[in-house]
Amino acid sequence: HAESLLSRVREKELAYGQEVASLSLRSADLLRDLLDAVDAALAGGGRVQRPDSYDALLHDLHHVDEIIAGARAVTVTGVSTKRAEQSAEAVAGAARRKEAGESSVRVRTDRLDRLIDLVGELVIAQSIIGGDDGIRGGANHELLKKVTHAGKIVRELQDLSMSMRMVPLKTTFQKLARVVRDVAIKAGKQVEFVTEGEETELDRNMVDVVGDPLVHMVRNSVDHGIEKPDARGAAGKGTTGTVTLRAYNQGGFVVVELRDDGRGLDREKILAKAISVGLAQPDQKYTDEQVFQFIFAPGFSTAAQVTDISGRGVGMDVVRRNIESIRGRIEIDSVLGQGTTFRIRLPLTLAVTDGMLVRVGSERYIVPITNIHMTFRPERAMLQTVTGRGEVVMLRGEVMPILRVHEVMGVTDATTDPCEALLMVVADGDRRTALLVDELLGQQQVVAKSLGEQLGSVAGIAGGAILGDGRVGIILDVAEMVHHARGNGTFAAAA
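Read on for an overview of the structure. (Residues numbered from 1 in each chain as written. Predicted model: local features only at pLDDT ≥ 70, side-chain atom pairs only at ≥ 80, totals over all residues. Heavy atoms only, no water.)

## A short note on the pattern of salt bridges
Point 1. For the structure on display, the rule yields 32 salt bridges.
Point 2. Between R26 and D60 there is a salt bridge whose closest N-O contact spans 2.9 Å. Here D60 lies in helix α3 (residues 54–62) and R26 lies in helix α2 (residues 18–44), a separation of 34 residues in the sequence.
Point 3. The partly exposed category is assigned to R26, whose relative accessible area is 35%.
Point 4. Here D60 falls in the buried class, since its relative accessible area comes to 18%. (Salt bridge = Lys/Arg side-chain N within 4 Å of Asp/Glu carboxyl O. Helix = DSSP H or I, 4+ residues; strand = E, 2+ residues; numbered from the N terminus. Buried < 20%, exposed > 50% of the residue type's maximum accessible area, 1.4 Å probe, protein only.)

Here it is as C-alpha cells:
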C-alpha cells in the first residue's frame, strides 16, 4: 500500500504534501518495526508480533484521499526543508568524489583505524630518527639527505591516510531534517530547515560523536527557539520560522553553526535562575557569554512547563561534555526576540598535529600550528596594564590580552619580562590573544596521545606527544586555556 501511495505521487495523481509525507515516513518506520519483529521471532522461536500501529496505518493508507481532503479544510502546521545553493567549488568537489567513488573498495573501519595508528607510530619513529644527534650534527650529509627524503614520504603517507577517514557531514544533516519535521508537527509550529556546507568533511570518529549533540540542539531550537505562528505574527515576524544548519572550514577547524530566528535567549531570566540554584552570585557582574554558558549546567532549565520533547534540564550538559571530549568548543550568540546561534568548533582530526615546539622555562610545550597567527618580541611602549584585570599589548592598532603560559602551567623558572621573551599571537574564534613563551624551538609533526584514565581531562591540555629526543611534550589546548582565563576575569576589559 505504501508503494502504491508513492506510485500515485510519481504519476502525479497526488501532490506530495504534508499528509503524504507523514504516511510515507510512518510506513518506513512500520516496515522497520516489522523487520525487527521477524528477527526477534527467529531469535526467540516465537511468533511474529504485529506492531500496535499496524491497523491504524493500514486504515489511513486505504483512505488517503479522505485524509488529504480533510486536511485541506483546516490550517495545518509543518516543516519544509531547503538545501542552500552550493558554491561552484563544492559542486566540483562533489563531482570529483562521485567520479572517484565509481571505482572504490570497502574497507572495515577497524582496519582503517589500525592503519591510522601505525602511521602515527611511523611519524614518531621518523621524528626520533630525525632528532638523533648523529644526524642533526650535519656531519653525514648523505644520511641527512636520505632521512629528509624519508620524512617527506612519511608526511605524504600520513596526509593520505588521514584523508581516507574524512567523511562529509551530509548524512548527519539529512537525519536532522526528520528531527525538525517531527518536532515541528508535534509542537504545532511551521519551520523551514535550511542546510549549507553538507560536503564539509570531518574525521569519521568525530562525526559519530557530534551526531547526538546536534540532534538535541536541533530539537531545542525548534521547541524552545521557534515561536508558534500566532506568536510570530504578533511579534511582526513571518509565521514560518527558519532553522539553519551550516558547516564550513575556518583556520584548521570545522565550524558547525545552528541558527534560528526565534525568540532568543532571555539573559535576565537565565541569570535569575542561575542565582536561584547557586550557579551565580547576585553581587557579581557577568558577560553575556558567561550567562549563556549556564544553560549547559546539569539540570538547568528555564522552561515554564515540561513536555515530552524538552524542559527537564537534561541534555545540554551532555552536549557540552561530548563536544569537549573531542577537543571541540561550543559558543552561543543570542539576541532576545531575534534568534540564537550555537557555534561548534571542532578540530579536523584527533590523530596527528602540526605543532610549534616552544620552551617555557625548563619545560617544553606544543602549540598547534592552526592556532598561531604570528610571533614577535614586543617593545616596552607596546605593553600596558589595566588595573585589576591584566596585561595587554598593542600591535598594529589592535589591543590583545597577554596570557602568561608559565603562570597557567605553574612553571617557576620562566622569563617573566615580555621584552626579553616572545609573544605568540593565537586565535580563539574571532578573538586573538598573546601567549608569553620563552623561545621557539621549531615546527614538528606530532601524534597526539591521551593523558590516560589516571589523569583524565585537564583544562588547557589537549594531550601529550613523544618528541624527537624521546621525551614527552604537552600539547596545549589554546582555545580552552584562553576560555578558562576569560572566565576567571584575568583578561583586560579592552580585549
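## What about a nonpolar patch on the surface?
Point 1. Side chains of V38, L42 and V48 sit close together on the surface and give an oily, nonpolar patch of about 280 Å² of accessible area.
Point 2. Structurally, L42 can be placed in helix α2. (Patch = residues over 30% accessible without salt bridge, like charges linked within 9 Å, V, L, I, M, F, W, Y side chains within 5 Å. Areas by Shrake-Rupley, 256 points an atom, 1.4 Å probe, with all protein chains shown as cover.)

## Regarding the packing of helix α10 (residues 204–225) against helix α14 (residues 316–325)
Point 1. Where α10 contacts α14, the axes come no closer than 9 Å and their chain directions differ by 150°. As for the relative orientation of α10 and α14, their crossing is left-handed in sense. Listed contacts from α14 to V209, V210, P213, H216, M217 and N220 of α10 are M316, V319, N322, I323 and S325.
Point 2. Looking at side-chain class alone, the contact of α10 with α14 contains 7 nonpolar, 4 polar and no charged residues. (Axes fitted to C-alpha atoms, helices over the stretch in contact; angles between N-to-C directions. Left-handed = near helix turned anticlockwise from the far one by under 90°. Contact = heavy atoms within 4.5 Å. Nonpolar A, V, L, I, M, F, W, Y, C, P; charged D, E, K, R; others polar.)

## Quick word on unusual backbone geometry
Point 1. One non-glycine residue, K12, adopts positive backbone phi at about 65°.
Point 2. By relative accessible area, which is 74% here, K12 ends up exposed.
Point 3. Of note, R396 is a non-glycine position whose phi angle comes to about 55°, a positive value.
Point 4. Here R396 is to be found in the loop between β13 (390–395) and β14 (398–404).
Point 5. On the basis of relative accessibility, which here comes to 75%, the residue R396 falls in the exposed class.

It is worth stressing that arrangement in space is one thing and function is another; only the former is reported here.
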